[in-house]
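# Examination of the molecular architecture
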Amino acid sequence: DTIREFGQAMESLGLGIICKEIRSEDPVDPSIELAPNIHYTGVPSGNELPPFLRMLTASSEAPPPLPQELSVVIETVSIPAKMELFVMPLCHHCPMWVDALFPLAWANSNIDLRIIDAQTHYQRAKADDIKSVPTLIIDNLFRSTGMIDPKEIVTFLQSRKPSSLGPSALET
């Protein structure tokens, strides 16, 4: 119901935002779908709201900016990937993660990005053993609680080998 209320509030702003309810096969984690492969599980608030609004703007207008060196290699990710990013409203680092990962998923539909509010979805976060945010989980193979260069994430998505990650990614 909170997602429905959030959608109604967004529509009432008069910005041309149209929200519609779609029944999902996943009744446990209702989400806001920004694209078929990009979902926000929870209602964005606090520090989560600005990156959500940037994603919403990109979804309706132009694609989000992607660094030139990534725009070519992101297309080579051919194996479907599931990225789950756990965030919280008061986290100051979480918006940087969202801003870094969203363009990757936007540029390649093989990348399924689910941004999960760990505060609202505490049981889900607990089940995934989330101890701090932001935490990124890729295909249940890789987990990071520190910022990683998006180029390294793309390299990992191409190979699915942890050895493809640099030392900074492996420290977290």
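Let us look at the structure shown here.

Cut-off values and rules
- Residues numbered from 1 in each chain as written.
- Predicted model: local features only at pLDDT ≥ 70, side-chain atom pairs only at ≥ 80, totals over all residues.
- Heavy atoms only, no water.
- Helix = DSSP H or I, 4+ residues; strand = E, 2+ residues; numbered from the N terminus.
- Buried < 20%, exposed > 50% of the residue type's maximum accessible area, 1.4 Å probe, protein only.
- Contact = heavy atoms within 4.5 Å.
- Areas by Shrake-Rupley, 256 points an atom, 1.4 Å probe, with all protein chains shown as cover.
- Core = buried A, V, L, I, M, F, W, Y, C linked by side-chain atoms within 4.5 Å.
- Disulfide = S-S within 2.5 Å.
- 1 Å grid on protein atoms, 1.4 Å probe; cavity = no way out; pocket = protein on both sides within 12 Å on 5 of 7 lines; lining within 4 Å.
- Points joined across faces, edges and corners; volume = space filled by probe spheres on them.
- Nonpolar A, V, L, I, M, F, W, Y, C, P; charged D, E, K, R; others polar.
- Salt bridge = Lys/Arg side-chain N within 4 Å of Asp/Glu carboxyl O.
- Phe/Tyr/Trp six-rings, centres within 6.5 Å; stacked < 30°, edge-to-face > 60°.

## Here we look at the overall build of the chain
For the chain, the helix and strand inventory stands at 7 helices and 6 strands. Along the chain, from the amino end to the carboxyl end, the secondary structure elements read α-β-β-α-α-β-α-β-α-β-β-α-α. Scored against the burial criterion, the 172 residues of the chain give a buried share of 43%. Once local pairs closer than 6 in sequence are excluded, the contacts in the chain between residues at least 24 apart make up 70%. Approximately 9,500 Å² of the chain is accessible, and the part contributed by carbon and sulfur atoms is 57%.

## So, unusual backbone geometry
A cis geometry characterises the amide bond from Val-133 onward to Pro-134, with omega recorded as 0 degrees. One can find Pro-134 in the loop between helix H5 (122-127) and strand S5 (135-138). Positioned with a positive phi, Asp-129 is a non-glycine residue whose angle comes to about 55 degrees. Within the element layout of this structure, Asp-129 appears in the loop between H5 and S5. With phi around 55 degrees, Asn-140 is a residue other than glycine that occupies positive phi space. Tracing the sequence through the fold places Asn-140 in the loop between S5 and strand S6 (142-144). Asn-140 sits in the exposed class, given a relative accessible area of 64%.

## Topic: the environment of Ile-153
Relative to the helices and strands, Ile-153 resides in helix H6 (residues 150-159). When near neighbours in sequence (up to four residues on either side) are disregarded, Ile-153 contacts Met-83, Trp-97, Leu-101, Leu-104, Leu-136, Ile-138 and Ile-148.

## Some words on the nonpolar core
Ranked by size, the top nonpolar core spans 36 residues in total, and within it Met-83, Leu-101 and Ile-153 carry the most contacts. When residues of this core are assigned to their parent elements, the largest contribution, 7 residues, is made by helix H4 (residues 94-107). By size, the runner-up hydrophobic cluster in this structure holds 6 residues, among which are Phe-86, Ile-116, Ala-118 and Ile-137.

## Topic: the state of the cysteines
A covalent bond between the sulfur atoms of two cysteines is referred to as a disulfide. If you walk through the whole model with that rule in mind, you get 1 disulfide. With a sulfur-sulfur separation of 2.4 Å, Cys-91 is cross-linked through a disulfide to Cys-94. In this structure the cystine formed by Cys-91 and Cys-94 twists about its S-S bond by roughly 95 degrees; its chirality is therefore right-handed. Here Cys-91 matches Cys-94 in class, with each residue buried.

## Re the layout of surface pockets
Of the volumes computed, that of the second largest pocket is approximately 170 Å³. Every residue lining the second largest pocket is listed: Met-88, Ala-118, Gln-119, Tyr-122, Ala-125, Lys-126, Asp-129, Ile-130, Lys-131, Ser-132 and Val-133. Tallied by class, the residues present in the lining of the second largest pocket amount to 6 nonpolar, 2 polar and 3 charged.

## As for the pattern of salt bridges
Throughout the structure, instances matching the rule amount to 6 salt bridges. Residue Asp-128 is joined to Arg-124 by a salt bridge in which the shortest nitrogen-to-oxygen separation is 3.2 Å. In this structure, Asp-128 and Arg-124 share a single accessibility class: buried. Each of Lys-82, Glu-84, Arg-124 and Asp-128 takes part in salt bridges that share partners, so that together they form one network.

## Some remarks on the packing of aromatic side chains
The relation between two aromatic rings is expressed through the spacing of the ring centres and the mutual angle of the planes. This structure, assessed with the given rule, holds 4 aromatic pairs. Ring plane angle 65 degrees and centroid distance 5.6 Å describe the contact between Phe-6 and Phe-52, whose orientation is recorded as edge-to-face. With Phe-6 in helix H1 (residues 2-11) and Phe-52 in helix H2 (residues 49-60), this residue pair connects regions lying 46 residues apart in the sequence. A residue is classified by how much of its surface remains accessible, and Phe-6, at 14% relative accessible area, is buried. Given the relative accessible area of 2%, Phe-52 is considered buried. Counting every residue linked through ring pairs, the aromatic cluster contains Phe-6, Tyr-40 and Phe-52.

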